[in-house]
Amino acid sequence: MARNERVAVVGVGQTKYAATRGDVSLPGLLREAVFRALDDAGMAMGDIDAVVLGKAPDFFEGLMMPEPYLADALGAVGKPLLRVHTAGSVGGSTAIVAAGLVEARVHRRVLTVGWQMQSCSEAMWALSLPMPFQQQLVAGAGGYFAPFIRAYMQRSEAPDDIGILVALKDRRNALKNPYAHLHEPDISYDSIKESLMLWDPIRYAETCPSSDGAIAMVLTDEAGGDAAARPPAWVHGMAFRSEPVMAVGRDEVSPLAGRQCAADVYAQAGITDPREQLDVVEMYVPFSWYEPMWLENLGFAEVGDGWKLTEKGVTALDGDLPVNPSGGVLSSNPIGASGMIRFGEAALQVRGQAGEHQVDGARLALGHAYGGGAQFFAMWVVGADKP
Amino acid sequence: MSEIAELPEGLWYQPDVDTSQIPAIAGVEAVRSIRVPARVEYLYTPGRAPTRFLRALAEKRIMGERCPVTGKVYVPPRGVSPVVGLPTEEQVELGHRGTVTTFCVVDIAFTGQVTETPFVSALVLIDGADITLHGLIQGIPPADVRPGMRVEAVWVPDDELSTSFENIRWWRPSGEPDVDPDTIREYL
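In this report, the structure presented in the accompanying data block is examined. Being a predicted model, the structure only gives us computed values, none of them experimental.

### Looking at the overall build of chain B
At step 1: From N to C terminus, chain B includes 1 helix and 8 strands.
At step 2: Each helix (α) and strand (β) of chain B, taken in turn from the N terminus, gives the series α-β-β-β-β-β-β-β-β.
At step 3: When the backbone C-alpha atoms are referred to their principal axes, chain B occupies close to 75 × 50 × 40 Å.
At step 4: Taking the intrachain contacts of chain B between residues at least 6 apart in sequence as the baseline, contacts between residues at least 24 apart amount to 55%.

Right, here's the structure in full:
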C-alpha cells in the first residue's frame, strides 16, 4: 500500500488579536490572516485548491453559518469549502481535516482558517442555553472548569500559587509576541495574586481574555514543501479524539481522550519520551492551572507531578521544555482560532520563524487543543525535518 | 518587541470617521458599535428517557436509569449508556440527598444570571447515582463548603412543581457527617 502523502506547512498568517477589532469587518479580519499566510507561502489565492474553516459555535457571534458568505472573501468561490465543528478545540481539528485532505491526496494545496470575533456577542450567554433537565447556573466557562482545577489541586497537593506562576510566565512571553492580545508589561506575581477571585480557585488574571482574531495556514503536499519559499514545517503526526461529556467514571482532570490522542500522535511521530524528544509545546491553557494538568495528561510528567515542572521553570521560555512561548490562550483567545494558533505557533517554531519568542534550535514541536467540557482533543507534532 | 507584519497589498483598515466637515455633527463621537438584545425561544422536545425523568420530577421524584452492562446509574438519563451504547431501560429512583464531590465559588455576574454572587456551583453525587450533577449550594457560607459535604435538595412548594429541574431550587447542608473524600475520588 502506498504511504500517505507528506504534509508541509508552508505559510502561517495571523491578525493582531484584540478585545475589539473595530477597524475591520469579519471578512476583512479573515483576509488579513489569509493574505499574510499566502504571502508567507509565496502564493496567491488562485494557487489554493480547497478551503477548510473552523470557528466556535455560531451563538458566540450571533451569526449563523457565516461560511457561505465568507466564500468570496476567502477566494473559495467554485472551490470545495468545508467547515469543522468541535467547540474550543475546533482550530486544531480544522487544521487536521485540512492536512488530511493533503495526506489523502484529495488536494495539493489547502488553505485553512480559524477565527472568532468575540466582540460581536456575549459568548458566555451563548454557553448557557437553559435546558429543562439541569440546574440553571449561568457561571461561564470558568465556572465549569474551576471544580476540576480544585480537584486537581487536592489530588496533586500542589502549592496554591502554581496557577499564578503559569499566568506570569505566559503573559511575560506575550510581551515578545506582537500579535498577542494582552501586553501587560507591569504584570507581577503580586498583581496576579491580588486580582479578583472570579471562580475560586481561578483568579481574573489567571483567565484567558475574550479576543477578536484569525489565523490562516497554507498546507501543501511534499512537492509543495520542497519548493516552499521559506523552510516548511512537516507534519509528523496528527490525531483527534472525543469522549462523551457525561459518562460514569470519566476523569475530567485527566480525560482518557486526551491521553489516547497524545499516545496516537506520539506513535505516528516516533516519540517514545515526549519530555526528552519534543523541543517546544503550544498547549491550550485557557485557565492557568491547565498547564500542569495537561503536562500530566500529555505524558510530560507523572500523575501528580505536572506542577513541579512549572514550579522549577522547566516550561519557561528558557527552560528545557518551553510551553506557550507565544503567550498562549491566556494572552490571546479568539476561541475558534485559539487551537489553530497553537498548531500554527508550533509550526513557526520549527520553521525558525517565531521572532522574539523563538525557542533556540526547535526541531520538533507539539500543538495541542481541547474543547467543550474537556471532551474534544486535537494535536499535531510538526518538525523541521521530513518525517 | 518585533513588529506585526505589514498589511498585505490590497487590504486596508477602516479609517476613523471624520465628522468635522459636517457642522451638524461636528464633534459628535462616531458610532463604533451598537448593542442589540437578542432572544431565542424554542420548544424543547425531550426523548423518551428525559420525558420519564421530567415527569417524575413533577411528582417530586428523581429517576435515574441503569446501564445494562456496567450497572452504573445515570442521571439525568439520556436513554443510552454512553460507555456501551445500549439503552438504559431499568428505572432507578434516587434519594433526595447527595454528596459534594468538588465545587467552585462564582463571583462574576453574567447577562442572564439568576443567582446573586458569590454563589457556590458544586458537583453533587445524588444518593443512588453514579454520576454527578451541577448544583447550586445555599444555606452555608461559601468558605465552609468542602468536598465530601452531605447536602439535601430544597424543592419548590408542591403547588409549583413542574416538569423541570427548576423544581430543585438548590442544595443545602443536610447536617449528616461528611463522607471521606477518598471514597468518592472516582466521581468528579
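### Some words on unusual backbone geometry
The phi angle of most residues is negative, glycine excepted, and most peptide bonds adopt the trans form.
At step 1: Along the chain, A:Asp200 connects to A:Pro201 via a cis peptide bond; the corresponding omega equals 15 degrees.
At step 2: Residues B:Val75 and B:Pro76 are joined by a peptide bond in cis, for which omega reads -10 degrees.
At step 3: Within the fold, B:Pro76 resides in the loop between strand S2 (73-74) and strand S3 (90-94).
At step 4: Even without a glycine there, the phi angle at A:Met65 is positive, about 45 degrees.

### A look at the sheet that holds strand S10 (residues 364-371) of chain A
All names here are of chain A.
At step 1: Ordered by their spatial adjacency, 9 strands build an open sheet running S3-S2-S4-S7-S1-S8-S11-S10-S9, and the pairing between neighbours is mixed. A single partner strand is all that each edge strand has here, and the edge strands are strand S3 (81-84) and strand S9 (280-282). Taken pair by pair, the neighbouring strands of this sheet meet at an average axis angle of 25 degrees, ignoring direction.
At step 2: Pairing of S10 with strand S11 (residues 376-383) involves 8 bridges; the strand directions are antiparallel. Considered in S11, the bridge of Leu364 is made with Gly383.
At step 3: Of the strands in this sheet, strand S1 (8-14), strand S4 (109-117) and strand S7 (212-220) are in contact with helix H1 (residues 26-41), which crosses S1 at around 140 degrees.

### Some thoughts on the sheet that holds S2(B)
All names here are of chain B.
At step 1: Taken in spatial order, the 3 strands make up an open sheet running S2-S1-S3, and their pairing is antiparallel. The open sheet has two edge strands, S2 and S3, and neither has a second partner.
At step 2: Judged from the 5 bridges that link them, strand S1 (residues 62-66) and S3 form a sheet pairing that is antiparallel. Residue Met63 lies in a different strand from S3, and its bridge partner there is Glu93.
At step 3: In the packing of helix H1 (residues 48-58) onto the sheet, the strands contacted are S1 and S3, and the crossing angle to S1 comes to about 150 degrees.

### A word on helix H5 (residues 140-156) of chain A
Residue and element names in this part refer to chain A.
At step 1: Between its first and last C-alpha, H5 extends 25 Å over 17 residues, near the 24 Å set by a 1.5 Å rise per residue.
At step 2: At Ala146, H5 shows its strongest bend, of approximately 30 degrees, with the proline Pro147 following within four residues.
At step 3: With 15 of its 17 residues buried, H5 lies for the most part within the structure.
At step 4: Taken from the residues just after H5, Glu157 is the one with a positive phi, measuring 55 degrees.

### Let's talk about the environment of B:Pro50
At step 1: If you trace the backbone, B:Pro50 turns up in helix H1.
At step 2: Ignoring sequence-local partners within four residues, the contact set of B:Pro50 consists of A:Phe133, B:Pro76 and B:Arg78.

### Some details on the interface of chain B and chain A
At step 1: Facing the 50 residues of chain B at the interface are 49 residues of chain A.
At step 2: Counting residues per element, the ones that place at least two in the side of chain B that touches chain A are H1, strand S4 (97-106), strand S5 (119-126) and strand S6 (132-137) of chain B.
At step 3: In terms of residue count, S4(B) provides more of the side of chain B that touches chain A than any other element does, 5 residues in total.
At step 4: Where strand S5 (residues 197-200) of chain A lies against S4(B), 2 bridges are found, and the strand directions are antiparallel. Bridge pairing in S4(B) links A:Trp199 to B:Val106.

### Looking at H1(A)
Residue and element names in this part refer to chain A.
At step 1: For H1, with 16 residues, the first-to-last C-alpha span of 23 Å sits near the 22 Å given by 1.5 Å per residue.
At step 2: Of all 16 residues in H1, 13 are buried, a share of seventy percent or more.
At step 3: Directly beyond the C-terminal end of H1, a positive phi value near 70 degrees is found at Gly42.

Conventions used here
Residues numbered from 1 in each chain as written. Chains lettered and ligands numbered in written order. Predicted model: local features only at pLDDT ≥ 70, side-chain atom pairs only at ≥ 80, totals over all residues. Helix = DSSP H or I, 4+ residues; strand = E, 2+ residues; numbered from the N terminus. Contact = placed C-beta atoms within 7 Å. Pairing = 2+ DSSP bridges. Axes fitted to C-alpha atoms, helices over the stretch in contact; angles between N-to-C directions. Expected span 1.5 Å × (residues − 1). Bend = angle between axes of the 7 residues up to and from the residue. Buried ≥ 20, exposed ≤ 12 C-beta atoms within 10 Å, placed from the backbone.

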